[in-house]
Amino acid sequence: MNIKEIISKITIEEKFSLLSGRTNWDTAPVERLGIPSISLSDGPHGVRKDFNAANTVSEDGTIKPTWDTDLAGYNGLSYAYKATCFPTASAMSATWNTEMVEEVGKALGEECAALNVDIILGPGTNIKRTPLCGRNFEYFSEDPYLSGELSAAYINGVQSKGIGTSLKHFAGNNQEFDRGDISSEIDIRTLREIYLRPFEIAIKKAKPWTVMCAYNRLNGIYCAENKFLLNDMLKEEFGFEGLVVSDWWAVKDRAKSLKGSLDLEMPVNDKSMTVLKTAYKKGEISDEEINSALERVLKIVFKASEGKSSRGKEYDATKHHELARRAASEAITLLKNEDEVLPVTKEKVKKIAVIGEFARQPIIQGGGSACLTPMEVDSALDRIIELAGTDIEVDFAAAYSVWAAFPGVERLGKAMELAADADVAIVFVGESQKVEAEAFDRFNIKLSPDMENIILRVAAQNPNTVVVIEAGSAIDMSAWIHKVKGVVFSWFGGEAVGSAIADILFGLTNPSGKLAETFPLKLEDTPAFGTYPGNGFAVSYTEGIMVGYRYYDSYEKEVLFPFGHGLSYTNFEYSDLKITPDTPLIADEVKVSFKVKNIGKVQGKETVQIYVNDKACRTLRPNKELKAFTKIDLQPGEEKQVEFTLNREAFEYFNVNLNSWYIESGNFQIQIGSSSRDIRLKGKVFIKGEKDFS
Ligand code: BGC
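Every value quoted in this text rests on a predicted model; they were computed, and no experiment measured them.

1. Observations concerning the sheet that holds strand β11 (residues 333–337)
Sheet strands line up and pair through hydrogen bonds in the backbone, either parallel or antiparallel. Across the sheet, six strands lie side by side as β11-β17-β16-β15-β12-β14; this open sheet has mixed pairing. Only two strands of the sheet have a single neighbouring strand rather than two, namely β11 and β14 (393–397). Here the strands of the sheet are splayed against their neighbours by 15 degrees on average, with no regard to which way each runs. Strand direction decides the pairing type here: strand β12 (residues 351–355) and strand β15 (residues 424–430), joined by four bridges, are parallel. If you follow Ile-355 over to β15, its bridge partner there is Val-427. Those strands touched by helix α16 (residues 497–505) are β15, β16 (465–470) and β17 (486–489), and its axis lies near 155 degrees from that of β16.

2. Brief notes about the pairing of strand β24 (residues 625–634)
Here β24 lies mainly inside the structure; eight of its ten residues are buried. Where strand β23 (residues 604–614) and β24 come together, nine bridges link them in antiparallel fashion. When the sheet's bridge partners are listed, Val-608 is paired in β24 with Thr-630.

3. Quick look at the pattern of salt bridges
A side chain of one charge can pair with a side chain of the opposite charge when the charged atoms of the two come close. This structure, assessed with the given rule, holds 51 salt bridges. A salt bridge links Arg-326 to Glu-103; its shortest N-O distance comes to 2.7 Å. Highlighted residues: Arg-326 in helix α12 (residues 317–331) and Glu-103 in helix α4 (residues 98–114), separated in sequence by 223 residues. Classification of Arg-326 by relative accessible area gives partly exposed; the value is 37%.

4. Examining the side chain of Asn-226
Position of Asn-226 among the secondary structure elements: in the loop between β9 (221–222) and α8 (227–237). We classify Asn-226 as buried; its relative accessible area is 3%. A polar contact of 3.3 Å, which involves the side chain of Asn-226, links it to the backbone oxygen of Ile-221. In this structure Asn-226 touches Leu-218, Ile-221, Asn-231 and Gly-260, once residues within four positions along its chain are discounted.

5. Section: the site of the ligand
Taken together, 14 residues lie around the ligand, and Asp-42, His-169, Tyr-215, Asp-247 and Glu-438 are the ones closest in. For the ligand, an oxygen atom lies 2.4 Å from a polar atom in the side chain of Asp-42. Taken by itself the ligand offers 310 Å² of open surface, and the protein chains cover 94% of this. Classifying every residue of the shell around the ligand gives five nonpolar, two polar and seven charged.

6. Overview of the packing of aromatic side chains
Evaluated as defined, the whole model comprises 23 aromatic pairs. Considering the side-chain rings of Trp-96 and Phe-629, the 5.4 Å spacing of their centres and the 90 degrees angle between planes classify their relative orientation as edge-to-face. In this pair, Trp-96 sits in the loop between α3 (89–95) and α4 while Phe-629 sits in strand β24, placing the two residues 533 residues apart along the sequence. For the residue pair Trp-96 and Phe-629, the accessibility class agrees, reading buried in each case.

7. Looking at helix α7 (residues 197–206)
With respect to burial, α7 is a largely interior element, eight of its ten residues being buried. Listed as buried for α7 are Arg-197, Pro-198, Phe-199, Glu-200, Ile-201, Ala-202, Ile-203 and Ala-206. Summarising the contacts, the buried residues of α7 are in contact with α5 (144–159), β5 (164–170), α6 (188–195), β7 (210–213), α8 and β27 (660–662). A positive backbone phi angle near 45 degrees is found at Lys-207, which sits one or two residues after α7.

8. Details of the sheet that holds β9
Reading across the sheet, the four strands line up as β9-β8-β6-β19 and stay open at both edges, with mixed pairing between neighbours. The open sheet has two edge strands, β9 and β19 (538–540), and neither has a second partner. Two elements, strand β6 (residues 183–185) and β19, share three bridges in a ladder whose sense is parallel. By the bridge assignment for β19, Ser-184 is matched with Val-539.

9. Some words on the packing of α4 against α5
α5 packs onto α4 with a crossing angle of 35 degrees between their chain directions and a minimal axis gap of 6 Å. For the pair α4 and α5, the sense of crossing is right-handed. In contact with Thr-98, Val-101, Glu-102, Gly-105, Lys-106, Leu-108 and Gly-109 of α4, α5 contributes Glu-149, Leu-150, Ala-153, Tyr-154, Asn-156, Gly-157 and Val-158. Considering only residue class, the contact of α4 with α5 consists of six nonpolar, five polar and three charged.

10. Description of the packing of α5 against α7
One can describe the packing of α5 onto α7 by two numbers: an axis separation of 8 Å at closest approach and a directional angle of 35 degrees. By crossing handedness, the relation of α5 to α7 is classed as right-handed. Residues Pro-144, Tyr-145, Ser-147, Gly-148, Glu-149, Ser-151, Ala-152, Ile-155, Asn-156 and Gln-159 of α5 pack against Arg-197, Pro-198, Ile-201, Ala-202, Lys-205 and Ala-206 of α7. Broken down by class, the residue content of the contact of α5 with α7 amounts to eight nonpolar, five polar and three charged.

About the criteria used
Residues numbered from 1 in each chain as written. Predicted model: local features only at pLDDT ≥ 70, side-chain atom pairs only at ≥ 80, totals over all residues. Heavy atoms only, no water. Pairing = 2+ DSSP bridges. Helix = DSSP H or I, 4+ residues; strand = E, 2+ residues; numbered from the N terminus. Axes fitted to C-alpha atoms, helices over the stretch in contact; angles between N-to-C directions. Contact = heavy atoms within 4.5 Å. Buried < 20%, exposed > 50% of the residue type's maximum accessible area, 1.4 Å probe, protein only. Salt bridge = Lys/Arg side-chain N within 4 Å of Asp/Glu carboxyl O. Polar contact = N/O pair within 3.5 Å; in protein donor to acceptor, adjacent residues only side chain to side chain. Near = heavy atom within 4 Å. Areas by Shrake-Rupley, 256 points an atom, 1.4 Å probe, with all protein chains shown as cover. Nonpolar A, V, L, I, M, F, W, Y, C, P; charged D, E, K, R; others polar. Phe/Tyr/Trp six-rings, centres within 6.5 Å; stacked < 30°, edge-to-face > 60°. Left-handed = near helix turned anticlockwise from the far one by under 90°.

Here it is in structure tokens:
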């Protein structure tokens, strides 16, 4: 039976039953019409399939009282099946490697298939408006282009395995505080250029099966009821063909949400059937509205179930762990390396003091619905000891416990002694899942006073102190950065991050991670400071398009580490910029080419970033907007030619007077950088736009 036939035979009650979940994690079946149920699970950086949801019924029919520890475990939120914990989105974005993200996506797809999950609830592509947002670890970047490209890669990877994705949280969910009711007040240009843009890119490039609406209101209207957002923008303009699912319990009124173009409410909601029936009787919802949602739901339900028979049922967990380790290796970002304190070599170092429990038990992910039960977790300390071998002595002091970061004086005493006696002191610090998590925001962007204290006290004992930070979001390091020689940011790097960190410390891996978000000097410098978190009713995005580096770079604000920054153990030289044609028309494609050479002694990867600056525009535009990037691998002495094609999207902005995308004639500067503040090559191109003011 095709969907049209089903719709002609289905009762109104059956229709309504299909428009809300049956349980927390699956949709309702209608057996007489051959409509199966499909299951959804979190996401994004691993599969969190609830153990209870898996029908763990014993042969005699009783529910098992305990769980099988080989199969599942408690992750701080729920009992869930074990799955590979990959680096979280903020770490994945630091790889700047779309192929790597796609490969992780494929692995996620395989794990979903093995766990009988049809749709994984990710990726999260909300823009990092403020570093305080508790879920920044689940999001990619402050830049819409980078977020959109990485989301598309993730979706393509997962969906290539016959599993669906849920691009979330649509839209304007840029803080957790008050997220259930707050109205994000965002003007149309800012919406189009910044907050909707990553969704638009991912939808057009990768066609996610589902998009999840956000909890908050957007310009006064709940996203779950927002027809402008869900219909006019998403379905009509972006051409989204899948189904719109609510965030869990985001629907306040199922009838209003149906009118607002929300197709599937999740999870189960006992009231919805009555609400829909009453509204239908009163003529408040039409057959057309009901059928339109139903068609989208059925299309995805059948798509998921048709693919089921061809899906793999098993995956190679060892291979996935190895992939998680490779991904973490590319994400880890070397922020500071004074006097080349890193890498540790046996020529320079005879004794290392490793300080901090996180060296033994790393923080691999943030808290909340994304938090899954990992397969196995690597310890950085074990790998450090292995790599040190017999040449280097390694001493360890825990200094604090993972659960309460209050180091007793005695424990810190041992750490101080070890630090004073070593050639290098490596201090592991970070933020726990209780600090960076869903449903609340951080209060500030500093490490806890205890963590800062440990760094300062170790640094006072040892001039060669290196700090390894395990956190999901930007950190203010002003209290201690000048006292230490090295800073390695490992992000929430997934289950294999421990060994990946050690490989970087010892130079087995040359670091290549770069920041996908600016690290400000302090919270007060951030563009949303003063308007975040709003007055309880609304939060005004008055900084407009000036988000992240767009703000810091346009207004020349000093930052701790700029967008795109990340050091390597080698150096790269950029040369030979060519831009053709000289005077393109708007429809022309601008070709940018240049060379990058590894001029150091070790192999390394460099992420090159292309920024465009509309020099002469009469409307305010940021002095830098990322429009292309790529990561290249170079052996010592090797040189590669890099080529990009920029199209009109690289030059246009959203003109509110015309209510359309628009290019003003004039010179555009093309900036090729190793970071947004380390521009190596510049060139210009004259673009003939829609309007010429000269
Ligand atoms: C989160 C979503 C998540 C859903 C299901 C919500 O609270 O906002 O991101 O996918 O729960 O766990």
